[in-house]
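# Examination of the molecular architecture
What follows is each chain in one-letter form.
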Amino acid sequence: DSIGPAEVWLHPLYGKDSNYDLLLKVIIFIGTAIGMISFGAAGDLFGRNRGLLVCQYIQIAGALLQGIVPWGSKASTYCLLIAVRTFIGVGAGGVYPLSAAKAAEDSAAVDPVHKSVSVAWAFLWRNFGAIAPWSWALVFYYTCGEYADMEPWSAPPASRVGSQFA
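Bear in mind that the values here come from a model prediction, so they are computed numbers and not experimental data. (Residues numbered from 1 in each chain as written. Predicted model: local features only at pLDDT ≥ 70, side-chain atom pairs only at ≥ 80, totals over all residues. Heavy atoms only, no water.)

## Overview of the overall build of the chain
Applied cut-off: Labels follow the DSSP assignment, with helices taken as runs of H or I lasting at least four residues and strands as runs of E lasting at least two, numbered in each case from the N terminus. Whether two residues touch is decided by their heavy atoms; if any such pair falls within 4.5 Å, the residues are in contact. Only the protein chains shown count as covering a residue, and every accessible area follows the Shrake-Rupley method with a 1.4 Å probe.
Counting its secondary structure elements, the chain contains six helices and zero strands. Its helices and strands taken in sequence order, the chain reads α-α-α-α-α-α from the N to the C terminus. Partitioning the intrachain contacts of the chain with sequence separation of at least 6 by distance along the chain shows that 68% fall at a separation of at least 24. A total accessible area of about 10,700 Å² is found for the chain, and carbon and sulfur atoms account for 71% of it.

Written out as structure tokens, the structure reads:
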């Protein structure tokens, strides 16, 4: 989950603060660790399917709140975003142990090696799911955006690309 695209509007409205920016970028990983620990145990208590459903609801709620809650002063906006991104991280982190356990349990194989392969395949497909939105964004950008009339496989002007990372 990248906060980079949101910084396009966040910095002009509320100013750039390196401490807040760093927290916005790393807090989701702290939430992920919390989610891994807590939902691994919760999945054992309440079931894998319920746990996965709760994780998805947490991520949906967090994504919606991330778009709704930023208001007020600079400090309140950044603090609200940090809290919501922690929430998203908890939901995302919970998916890891639950999906691994579910993939192993749902595997028809009895052999531990084949169960491990089932878990690996489950995580492989997660990666394609994570890449899909970015891939579609690039497709739409180059087919419908300002570079739609460029020759195929040519890069945008270097000055435009460099300004995105400045």
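## Describing helix H5 (residues 112-144)
Think of an α-helix as turning once every 3.6 residues; residues three or four places apart then point the same way. The following threshold applies: Working rule for helices: expected span equals 1.5 Å times residues minus one. One axis is fitted to the seven residues ending at the residue and one to the seven starting there. The bend at that residue is the angle between these axes.
The terminal C-alpha atoms of H5, which comprises 33 residues, lie 48 Å apart, in line with the 48 Å expected from a rise of 1.5 Å per residue. Where H5 bends most, the angle comes to about 35 degrees, and this point is Ala132, followed within four residues by the proline Pro133.

## Some thoughts on the nonpolar core
Operational definition: Residues grouped as a nonpolar core are buried Ala, Val, Leu, Ile, Met, Phe, Trp, Tyr and Cys residues, joined through side-chain atoms within 4.5 Å. Exposure classes here rest on a 1.4 Å probe applied to the protein chains alone. A residue is buried below 20% of its type maximum, exposed above 50%, and partly exposed in between.
One finds Ile3, Ala6, Leu10, Tyr14, Leu24, Ile27, Tyr78, Leu81 and Ile82 forming the largest nonpolar core, which totals nine residues. Those residues in contact with Leu81 that lie beyond four places of it in its chain are Leu10, Leu24, Gln66 and Pro70. Core analysis: the next-biggest nonpolar cluster, separate from the first, contains eight residues, Phe39, Ile58, Val90 and Val95 among them.

## Things to note about the pattern of salt bridges
Formally: One speaks of a salt bridge when a side-chain nitrogen belonging to Lys or Arg is within 4 Å of a carboxyl oxygen belonging to Asp or Glu.
Tallying each qualifying case throughout the model produces four salt bridges. The salt bridge involving Arg48 is made with Glu105; its shortest N-O contact spans 2.9 Å. Taken as a pair, Arg48 in helix H3 (residues 48-68) and Glu105 in helix H4 (residues 74-106) lie far apart in primary sequence, 57 residues in all. Here Glu105 falls in the partly exposed class, since its relative accessible area comes to 47%.

Shape is all these values report; function is a separate question.
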